[in-house]
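Observations on the model geometry
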Amino acid sequence: MKKLLVTSALCAALPMAASAAEKPEALKIGMTTFLTGPASVFGVPARDAAEILVEDINANGGINGVPVEITFIDEGAGAEALTSEYRRLVESGAAEVMFASISSGNCQTIAPLAEDLQVPNFMWDCGTQKIFEENDYSYVFRTQANAAPEMLAAVAYLLKTKPDFTTIAVVNQDYAWGRDSWDIFSTALKAMKPDVEVVGEFFPKFGAPDFSTEISRLQALRPDVILSTSWGGDLDTFVQQAAQRGLTNTSTFVLPLAESSLERLGSSLPAGHIVGARGDHYFLHPERRDDDDFKAFMEKYEAETGDVSVYPVFHAAQAFAALQAAYEKAIADNGVDWPSKEQLVAAMDGLEFQGLGRPVKIREDNQGVEDQLMGTSVQAGDYPFATLENIMIFDGDELTTPVGEVSIDWVGGLDASFLDGLKVDTFEN
Amino acid sequence: MNLTIFVLALFDGIAYAALVFIVALGLTLIFGVMRILNVAHGSLYAIGAYATVSLTGAFLAMGFAPVFAFPLMLVSAILVGVLLGGPIEWLLLRRIYDKPEVLQLLVTFAVFMILEDVQRLAWGSQPYFQAAALQALGNVTLFGVTYTVYQLILLPAVALTLLLGLRFFLRRTVIGKLILATTEDREAAQSIGIDADKVFLLTFIVGAALAGLGGALASPTTSILPGMGADMIVLSFAVVATAGLGQIEGAALTALLIGLGRSFAVYVWPETAVLVPYLIMVLVLLVRPEGLFGSPAARKI
Amino acid sequence: MDTVSSAARPQAPATGAPGLRLLATLLAVAALGAVPFVAPTMQLLVNLALAKGLAVMGVTVLLRAGQVSFGHALYFAVAAYGGAFLMAAMPGADLLLLLVAGVAGATLAGLLVGLFVVRYRGIFFGMLNLAFSMIFWSILEKFYHITGGADGIRLPRPTVLGMELGRGDFELVLFYLSIALMLGLGWFTIRWFASPMGQLFQTIKTNETRLEYLGVSPRRALLSGYLLSALLCGAGGVIMGVAQGVVTPEYAWWIRSGEMVFIAVLGGSGSVQGAFIGALIYEFVRTYASAFAGDVWQMLLGGFLLVIILFAPRGVIGIVEAIGRRTARSEDTR
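Labelled according to an unreviewed UniProt entry, chain C appears under the name Branched-chain amino acid ABC transporter permease, originating from Halovulum marinum.

An unreviewed UniProt entry lists chain B under the name Branched-chain amino acid ABC transporter permease, from Halovulum marinum. Quoted verbatim from the Subcellular location (unreviewed entry) field of UniProt, the annotation for chain B is "Cell membrane". You can read under Sequence similarities (unreviewed entry) in the UniProt record for chain B the words "Belongs to the binding-protein-dependent transport system permease family. LivHM subfamily."

What follows is the structure, given as structure tokens:
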């Protein structure tokens, strides 16, 4: 009788045991990030954050007792080196889960590769909305928002805070992000406010060292609003040159990525311009700044790097939060000690996790739904650089393109009433 | 296009051309004298900019007034010329004057690759911005458009001074005449007792210092970041080749042509601004293979 | 001027024992062919190196005439983009069709540009090529809605003889196609050097005027070599684009062209085998240096190149041949 019981228990346990994996000595993660090149303004902070996060996870006993190890791949070495290094890492077993990548171009190269290699891949920072709109993936997930909600938040904030403007010009970097973000922004703007006139479109080359001519032209055009989704050195140069020549006094700038440049811009960014952060990312996040985990991380990061956190740090934190949550969920769902790859991937559906911002949720199309924070610059004197006031946090559910729809068509079908229906939380600073 | 826009584009073009000319000047001087097209010129330009930013930052932190940025630009340029230009000529180029052009070009390409990493190791990959010098001079407003005095007046003035100064130096001073003589015929110059090695060393130091000065002068108007040298060097190539290799006055006119072409493109059809310098180069070289001001080289039989 | 000319002089007898040289080449090819089975993680890397090697062979051809092009990445990019556009227009097009179309596109571009640039020599030849490639680069960068701008366009996996293959099988096919191209085009190029046109072409380096006295147009000779070099770069470009699955304007960027000349000199200027040896060394140093010493891989390669130019101007192949000759001599004396 006893024997029979044992056998049936074994039989019952068998299907699970067969699909569970043996607990490894360490959970190996590979992360692609820019350590060289212009985009290292994002990549290096993200790497520093990842190192702190791994340290923290391991100090707290790892994931179900398994410590995390991380290897970095430099996206700056070019697509060839990136893909061969990515494959080497996965095929040699040096990484079980991959975090890739920053560049949208690299995401588009790596997504099909991850699918072929059947390695769970978290797209932790790239912006292009096209990944899940053009293809279905079962191993690729995005632990943050994409260009569509990020641009919609900027349009919504602009229309809410400055409803009466009539002319706009754009100065974006000449590559996929600059072009695509303008397509979404302008389509949404025209849908919600059809009387706006676009008076100038400039796409100076990526990494342009000088915007003098564009600024002269903009001063002659005198648009009410100037949009720039540029980042890094390009944005710094553009804003500084614009400020030097007084363009920031005559036009309102909308800078959806400027949160990552605030500290470098110092006093060059005057008050009254609109700043975004590609999600609810801000080192003085109005809802999170008094939380212990948030404060502890910010202090540690600042102590180790000497800089305040910027959005890639938040995106890295979200990727790790997703990793932890997914393993914990897979372990609990299946009642195993350590999940198999299939169990891990299954746990991603509908996964909710919280990094350093508000909670993020993975949708059925593997896209993350993330809230969006926008604010207006102010030189308050608390820091030697501009901080934000009149902060609005938009609900990600409402801004994210519905599953199965193409972003550019969806935003084109919106109208002014969309703005009134949005759920927004407003904070003074 | 109305007159205002024409004038505005003219101003922008001149300011841009001035900077390009200063960099191209060093490149064409080195080629004219040594027959070497120095790819590493772009790196020297970038290092000049980095050095200026670091020095200015340090001096401002010590409490000096922003006008000190101007002498520091000169200091940076001289440092680039002496500390980098000198050793490059002395240790590397000197060994390859009798080698084929291809190899000479590649030696400077190798130096370029090495210096790109040196910059990254020394200054990291985050952009720098140091505009104290530019702010010190203030702005002028013309036709409702605000320009910086630095870009509209100072840069063209420096470019013009360098052009005239170098002309004077080469034609009227003894050292300049020695350089010209060596350029004309190295062996004959050596036979009358000119130390060609010294002339080459001096030329390269001056050329490298001009690259550094270009970077120093550009530094307040731009973000300093890795890769800036690679962009500048192709542009200076375009200027130097279009003008005719070794043509100093020609380089000035060509820089102006390219600068104006680019700024008018921004006003008329912004998408083509990047294309303009290379289009000008190809069109000119197709019509005049030796460049606008070059003279056909004698054929060796 | 002795460095390149000894390799370029067609009538110079093969150094060392010809049999030994052939044996070494065969062994090297066999070793390459075994890579997918012996070291599968290296397969992609070697394949990229082979693609680059094909293009470097194109630059090598011009070096035989004493000309250096700082713009041959143009043909590399033309072919790769040609392939990508073809895939976009005809989803599921065949790999061989892609190769033929890309190479034809590169050769046509070579003809158009070549007609102009063969009038020039030396630095001007190099600069004019640079200008053409930079124009193409600017067009690729600026016309975003057609070319995908700086991010380029995807080049999805083509079919092979009508079959849709999985990644593993396809990469194996691509790998052996690259080896076949290396052998076929390499053999053709060596034969071409020995052909009357090839001999005339190489005379441009040593004494162009003599060609004119012979009543031969140096421009025609140079143009035929130029077309061959564009074709070779095109073949490399298609393989590279297909292997990576994406083509970007960076393919036409001047540093790419510089890299090709760099590799050609590294391997041994003027040597067909040297082009591939150089490409393999370059890719390995680049990949492993950037994995283990991320900040200094350019510095390492630059230093390597300086050492080669200053101390072994005939490149790696020159070193190998010197060793081979010494071995052969010691055998002779025995």
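This next bit is on the overall build of chain C. Looking only at helices and strands, one finds 14 helices and 2 strands in chain C. Relative to the globule expectation of 20 Å for 334 residues, the C-alpha radius of gyration of chain C, 20 Å, shows essentially globular dimensions. Over its C-alpha atoms, taken along the principal directions, chain C stretches across nearly 60 × 50 × 40 Å. For chain C, with 334 residues in total, the buried portion stands at 57%. For chain C, contacts bridging at least 24 residues in sequence account for 80% of all contacts bridging at least 6.

With that out of the way, let us pick up the overall build of chain B. The helix and strand inventory of chain B stands at 12 helices and 2 strands. When the helices and strands of chain B are listed from N to C terminus, the series reads α-α-α-α-α-β-β-α-α-α-α-α-α-α. With the C-alpha coordinates of chain B rotated into their principal frame, the extents come out at 60 × 50 × 35 Å. Relative to its full complement of 301 residues, chain B shows a buried share of 57%.

What follows is about the environment of Ser 54 of chain B. As for its placement among the helices and strands, Ser 54 of chain B is situated in helix α2 (residues 41-61). In sequence terms Ser 54 of chain B and Gly 214 of chain B are 160 residues apart; their C-alpha atoms lie 16 Å from each other.

Let us now look at the interface of chain A and chain C. Residue-level contacts link 25 residues of chain A with 23 residues of chain C. Contributions of two or more residues to the side of chain A that touches chain C are made by α3 (79-91), α4 (104-117) and α7 (176-192) of chain A. With 9 residues, α3 of chain A is the single largest residue contributor to the side of chain A that touches chain C. Taken together, the residues that form the side of chain A that touches chain C break down as 7 nonpolar, 8 polar and 10 charged.

With that settled, consider α3 of chain A. All names here are of chain A. Counted at 1.5 Å a residue, the expected span for α3 with its 13 residues is 18 Å, and the 18 Å between its end C-alpha atoms agrees. Where burial is concerned, most of α3 is hidden: 10 out of the 13 residues are buried. Within α3 the residues assigned to the buried category are Ala 79, Glu 80, Ala 81, Leu 82, Thr 83, Ser 84, Glu 85, Tyr 86, Leu 89 and Val 90. Downstream of α3 by one or two residues, Gly 93 has phi in the positive range, about 75 degrees.

Between chain B and chain C, the contact holds 38 residues from the first and 40 residues from the second. Going through the elements one at a time, α4 (101-123), α10 (228-243) and α12 (276-287) of chain B are the ones with two or more residues in the side of chain B that touches chain C. Among the elements that make up the side of chain B that touches chain C, the one with the highest residue count is α4 of chain B (15 residues). Class assignment of the residues belonging to the side of chain B that touches chain C gives a composition of 30 nonpolar, no polar and 8 charged.

As a further point, take the nonpolar core. With 358 residues, the main nonpolar core has Val 20, Phe 21, Ile 22 and Leu 106 of chain B together with Leu 54, Ala 77 and Ala 131 of chain C as its most contacted residues. Examining the composition of this core, we find that 21 residues originate from one element, helix α1 (residues 3-34) of chain B, more than from any other. In terms of domain composition, this core takes at least three residues from each of domain 1 (9-126 + 290-357) and domain 2 (148-287 + 371-427) of chain A. Apart from the residues lying within four places of it in its own chain, the contact partners of Ala 131 of chain C are Ala 238, Tyr 278, Met 281, Val 282 and Leu 285 of chain B. Listed in part, the 5 residues of the second largest apolar core include Tyr 175, Ala 176, Trp 177 and Phe 206 of chain A.

Now for the sheet that holds strand β3 (residues 97-99) of chain A. Residues and elements named next belong to chain A. With respect to topology, 5 strands assemble into an open sheet ordered β2-β1-β3-β4-β5, the strand pairing being parallel. Edge strands, defined here as strands with exactly one partner in the open sheet, are β2 (68-74) and β5 (140-142). Pairwise comparison of adjacent strand axes, ignoring direction, gives a mean angle of 25 degrees for this sheet. Sheet topology places strand β4 (residues 121-123) next to β5; 3 bridges connect them, and they run parallel. Considered in β5, the bridge of Asn 121 is made with Val 140. Across the sheet, helix α2 (residues 40-59) touches β1 (27-33) and β2, and the angle it forms with β2 is around 170 degrees. Packing of α3 onto the sheet brings it into contact with β1, β2 and β3, and relative to β2 it is tilted by some 160 degrees.

Turning our attention to the UniProt feature "transmembrane region" (unreviewed entry) in chain B. Residue and element names in this part refer to chain B. Using the residue numbers shown here, the UniProt feature "transmembrane region" (unreviewed entry) corresponds to residues 6-31, 43-62, 68-93, 105-123, 149-170, 199-218 and 275-293. Helix makes up 92% of residues 68-93 and strand 0%. Its end C-alpha atoms lie 35 Å apart. Secondary structure within residues 149-170 divides into 100% helix and 0% strand; the distance between the first and last C-alpha atoms comes to 30 Å.

Attention now goes to the pairing of strand β6 (residues 167-171) of chain A. All names here are of chain A. Counted residue by residue, β6 has 4 buried out of 5 residues, so it is predominantly covered. Note that β6 and strand β7 (residues 197-202) share 5 bridges and pair parallel. Pairing of Ile 168 across the sheet is with Val 198, part of β7. Remark: the β6/α7/β7 crossover connection has right-handed handedness. Of the pairings in the sheet, the one linking β6 to strand β8 (residues 225-227) comprises 3 bridges and is parallel in character. Bridging across to β8, Ile 168 finds its partner in Val 225.

Residues and elements named next belong to chain B. Packing of α2 against helix α3 (residues 69-92) brings their axes to within 9 Å, and their N-to-C directions diverge by 135 degrees. Accordingly, the angle class assigned to the pair α2 and α3 is oblique. Here the hand of the crossing between α2 and α3 comes out right-handed. On α3, the residues that touch Leu 44, Ile 47, Gly 48, Ala 51, Thr 52, Leu 55, Thr 56 and Phe 59 of α2 are Ala 69, Leu 72, Met 73, Val 75, Ser 76, Ala 77, Leu 79, Val 80, Leu 84 and Gly 85.

Residue and element names in this part refer to chain C. Counting all residues, the mean pLDDT for chain C is 85, and 91% of those residues have values of 70 or more. A low-confidence stretch, residues 1-16 (pLDDT under 50), is modelled with 34 contacts involving residues beyond four sequence positions or located in other chains. The ipTM value of the predicted complex is 0.80, and its pTM value is 0.81.

What counts, and at which threshold
Residues numbered from 1 in each chain as written. Chains lettered and ligands numbered in written order. Predicted model: local features only at pLDDT ≥ 70, side-chain atom pairs only at ≥ 80, totals over all residues. UniProt positions renumbered as here; feature names shortened; annotations may be inferred. Helix = DSSP H or I, 4+ residues; strand = E, 2+ residues; numbered from the N terminus. Rg over C-alpha atoms; globule rule 2.2 N^0.38 Å. Buried ≥ 20, exposed ≤ 12 C-beta atoms within 10 Å, placed from the backbone. Contact = placed C-beta atoms within 7 Å. Nonpolar A, V, L, I, M, F, W, Y, C, P; charged D, E, K, R; others polar. Expected span 1.5 Å × (residues − 1). Core = buried A, V, L, I, M, F, W, Y, C linked by C-beta atoms within 7 Å. Domains from an automatic or database assignment. Pairing = 2+ DSSP bridges. Axes fitted to C-alpha atoms, helices over the stretch in contact; angles between N-to-C directions. Right-handed = clockwise from strand over helix to strand, strands pointing away. Parallel < 35°, antiparallel > 145°, perpendicular 65-115°, else oblique. Left-handed = near helix turned anticlockwise from the far one by under 90°. pLDDT = per-residue confidence, 0-100.

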